[in-house]
Amino acid sequence: MIGVFDSGYGGLTVLKELLALLPGYDYLYVGDNARAPYGPRSFESVYRYTLQGVKHLFDAGCPLVILACNTASAKALRNIQQRDLPFLAPDRRVLGVIRPCVEAVSAVTRTRKVGVLGTVGTVQSGSYVLEIQKIDPSIEVYQEACPMWVPLVETNEHEGPGADYFIEKHLRNLLSAAPSIDTLILGCTHYPLLIPKILPLLPPGVQLLDQGGIVARSLQDYLWRHPEMEQRLTRQGLRHFETTDAPAIFDSHASVILQQPVSSRKVTFKE
Ligand code: DGL
């Protein structure tokens, strides 16, 4: 199976695109809902929790794990890839969501000014700025942390009128600091659920990057380039869901995001 890890529900927006583009593979999604959100947590905690989730997916037999979480990709991926994998499982792979997005950005922006909206953790890590400037130092990156956006999604309030205040506030902050951006990265996998409220507030000419679609195409490309990994993936069209919190709550949220019935089981990560 392909393992898909997130702090909670946000990674389902990535899984949805993986299922649309690469439906033949088997997937195991695990959400660490009991400890979500990760955004305000320290590097140490996000790294420790993410590593536990990755080991859990490895123990379940996943040779390939996608960190479908920007905060985990920003704060834990590099350490896991460089420090842990060589000892833990040298023949397995862990991929994140930031690098594929950053690679897409330089092809899209014409003003060379790009906005990034993310959790406090992702913004403070500076990962988007560093990675974009590695690819093209002429691109200016403007970031805005939106600490209330994940809680709005996690509490299912993202379609309600209360969400408007926080969405307007952070878009206004970003656009007043960076009036000439032409590309906007939703650097959090929860944020696609806010797109219906974000789009009407964007000035004409600002393009939203679709992170889920980009990650799915990047995985497809990875599997073409790595047939040795592709051949290890099972293909029975299975979808399994696990959560570290209450399955009934997970199922009701997840089925709305995925637009299909979801039946999860509760798991506990080993230390
Ligand atoms: N979905 C996660 C992300 O992409 C973060 C949500 C959280 O704060 O746990 O950053």
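Counting starts from 1 at the beginning of each chain's written sequence and moves along it residue by residue. Local features in a predicted model are, by the rule used here, given only for residues with pLDDT of at least 70; side-chain atom pairs are given and counted only at 80 or more, and totals for whole chains, interfaces and linings are based on all residues. Each side-chain value is worked out from all heavy atoms of the structure, with water and hydrogens disregarded.

Enquirer: Even after reading the chapter, I still don't get the overall build of the protein, so can you show me in this structure?
Expert: Of the regular secondary structure elements, the protein holds 13 helices and 10 strands. On the principal axes, the C-alpha backbone points of the protein span a range of 45 × 40 × 35 Å. Classification of residues uses two cut-offs on accessible area relative to the type maximum, computed with a 1.4 Å probe and protein chains only: under 20% is buried, over 50% is exposed, and between them is partly exposed. Here the protein holds 271 residues, and 56% of them are scored as buried. Contacts are residue-level and defined by heavy atoms, with any inter-residue pair within 4.5 Å sufficient. The contacts in the protein between residues at least 6 apart in sequence include a share of 78% that link residues at least 24 apart. Accessible area for the protein stands at about 11800 Å²; split by element, carbon and sulfur atoms hold 54% of it. In this count, Lys and Arg are taken as positive residues and Asp and Glu as negative ones, while His and the chain termini are left out. To locate a charge, take atom NZ for lysine, CZ for arginine, CG for aspartate or CD for glutamate. Taking the average place of the 26 positive charges on the side chains of the protein and the average place of its 27 negative ones, the gap between the two points comes to 4 Å. Numbering of helices and strands runs from the N terminus; a helix is a DSSP stretch of H or I covering at least four residues, while a strand is a stretch of E covering at least two. All accessibility values rest on the Shrake-Rupley procedure with a 1.4 Å probe; residue burial counts only the protein chains present in the view.

Enquirer: In this structure, what is going on with unusual backbone geometry? I would like to understand it.
Expert: Trans peptide bonds make up most of the peptide bonds, and negative phi angles are found at most residues other than glycine. A cis amide bond links A36 to the next residue, P37, at an omega of 0°. Along the chain, P37 falls in the loop between strand 2 (27–31) and helix 2 (43–59). A positive phi angle is found at R112, which is not glycine, with a value near 60°. Tracing the chain through its elements places R112 in the loop between helix 5 (98–108) and strand 5 (113–118).

Enquirer: Where do I start with the sheet that holds strand 9 (residues 239–243) in this structure?
Expert: Backbone-to-backbone hydrogen bonds join strands into a sheet, with any given pair of strands oriented parallel or antiparallel. A pair of strands is considered paired only if DSSP assigns at least 2 bridges between the two. The six strands are arranged 4-3-1-2-9-10 in an open sheet whose pairing can be described as parallel. Looking at strand neighbours, the two that pair on one side only are strand 4 (93–95) and strand 10 (264–266), the edges of this open sheet. Looking at each pair of strands side by side, their axes are set apart by 20° on average, direction ignored. Here strand 3 (residues 64–67) runs beside strand 4; their pairing, made up of three bridges, is parallel. Looking at strand 4, one finds that L64 is bridged to R93. Contacts between helix 1 (residues 11–21) and the sheet are confined to strand 1 (2–6), strand 2 and strand 9, with strand 2 contributing the most and set at about 170° to the helix. Structural elements are reduced to axes, namely lines fitted to C-alpha atoms, with helices fitted over the stretch in contact, and the angle between N-to-C directions of any two is expressed from 0 to 180 degrees.

Enquirer: Explain the sheet that holds strand 8 (residues 207–209) here, please?
Expert: The strand order across the open sheet built from four strands is 6-5-7-8, with neighbouring strands paired in parallel fashion. In this open sheet, the two edge strands, each paired with only one partner strand, are strand 6 (140–145) and strand 8. Strand-to-strand, the axes of this sheet are offset by a mean angle of 25°, without reference to chain direction. Here strand 5 runs beside strand 7 (residues 183–187); their pairing, made up of five bridges, is parallel. If you follow G115 over to strand 7, its bridge partner there is L184. Those strands touched by helix 5 are strand 5, strand 7 and strand 8, and its axis lies near 155° from that of strand 8.

Enquirer: Honestly, the site of the ligand in this entry has me stumped. Any pointers?
Expert: We call a residue near a molecule or strand as soon as one heavy atom of that residue lies within 4 Å of the molecule or strand. Taken together, 13 residues lie around the ligand, and S7, Y38, G39, N70 and T71 are the ones closest in. Whenever a nitrogen or oxygen atom comes within 3.5 Å of another N or O atom, the pair is scored as a polar contact, on the condition that within protein one atom can donate a hydrogen and the other can accept it, and that pairs from neighbouring residues in sequence are kept only if both atoms are in side chains. Within the contact set of the ligand, an oxygen atom lies 2.7 Å away from a backbone nitrogen or oxygen of N70. Within the backbone of T189, one N or O atom sits 2.8 Å away from an oxygen atom of the ligand. In this count, Pro and Cys sit with the nonpolar residues alongside Ala, Val, Leu, Ile, Met, Phe, Trp and Tyr, while Asp, Glu, Lys and Arg are called charged and the others, Gly among them, polar. Along the lines of polarity and charge, the residues of the shell around the ligand split into five nonpolar, seven polar and one charged.

Enquirer: What's the story with the side chain of H190 in this structure? I'm lost.
Expert: For H190, the position within the fold is in the loop between strand 7 and helix 10 (195–198). Contact partners of H190, with chain neighbours within four places excluded, come to D6, S7, Y9, G10, V150, V153 and E154.

Enquirer: So what exactly am I meant to see when it comes to the nonpolar core here?
Expert: In globular proteins that are soluble, nonpolar side chains generally tend to be buried together. Only buried residues count toward a nonpolar core, which is a set of Ala, Val, Leu, Ile, Met, Phe, Trp, Tyr and Cys residues joined through side-chain atoms within 4.5 Å. Core analysis: the biggest nonpolar cluster contains 30 residues, and L12, L15, Y27 and L219 have the highest contact counts within it. Elements with a contribution of two residues or more to this core: strand 1, helix 1, strand 2, strand 3, helix 11 (211–225) and helix 13 (247–258). Dropping the residues within four chain positions of it, L12 is found in contact with Y29, F241, F250, A254, I257 and L258. By size, the runner-up hydrophobic cluster in this structure holds 25 residues, among which are Y47, F58, L67 and I80.

Enquirer: For this particular structure, what's the right way to read the pairing of strand 7?
Expert: Successive residues of a regular strand alternate their side chains across the two faces of the sheet. For strand 7, the tally of buried residues reaches five of five residues, placing the bulk of the element in the interior. Burial along strand 7 is two-sided: the residues T183, I185 and G187 and L184 and L186 are all buried.

Enquirer: Help me understand the packing of helix 1 against helix 13 in this model?
Expert: When two helices pack together, their arrangement is given by the angle between their axes and by how far apart the axes lie. For the pair helix 1 and helix 13, interaxial distance at closest approach is 9 Å and the crossing angle is 45°. Taken together, the axes of helix 1 and helix 13 are oblique relative to one another. For the pair helix 1 and helix 13, the crossing hand works out as right-handed. Across the interface between the two elements, L12, T13, L15 and K16 from helix 1 touch F250, A254, I257 and L258 from helix 13. Here the word oblique covers every angle except those under 35 degrees (roughly parallel), over 145 (roughly antiparallel) and from 65 to 115 (roughly perpendicular). Left-handed describes a crossing whose near helix is turned anticlockwise from the far helix through less than a right angle; right-handed describes the clockwise counterpart.

Enquirer: Where do I start with the packing of aromatic side chains in this structure?
Expert: The geometry of an aromatic ring pair comes down to the distance between the two centres and the angle between the two planes. Between 30 and 60 degrees the pair is tilted, below 30 it is stacked and above 60 it is edge-to-face, where a pair is any two Phe, Tyr or Trp rings, Trp via its six-membered ring, whose centres lie within 6.5 Å. On inspection of all chains with the given rule, the structure shows eight aromatic pairs. With 5.0 Å between their ring centres and 85° between their planes, Y165 and F166 make a pair best called edge-to-face. Joined through ring pairs, the aromatic side chains of F5, Y38, Y49 and F269 make up one cluster. Working rule: Lys NZ or Arg CZ, within 6 Å of ring centre, within 35 degrees of ring normal, means a charge sits over the ring. Here R35 stacks its cationic end above the ring of Y49, 3.7 Å away from the centre of that ring. A cation sits over an aromatic face here: K75 above F43, 4.9 Å from the ring centre.

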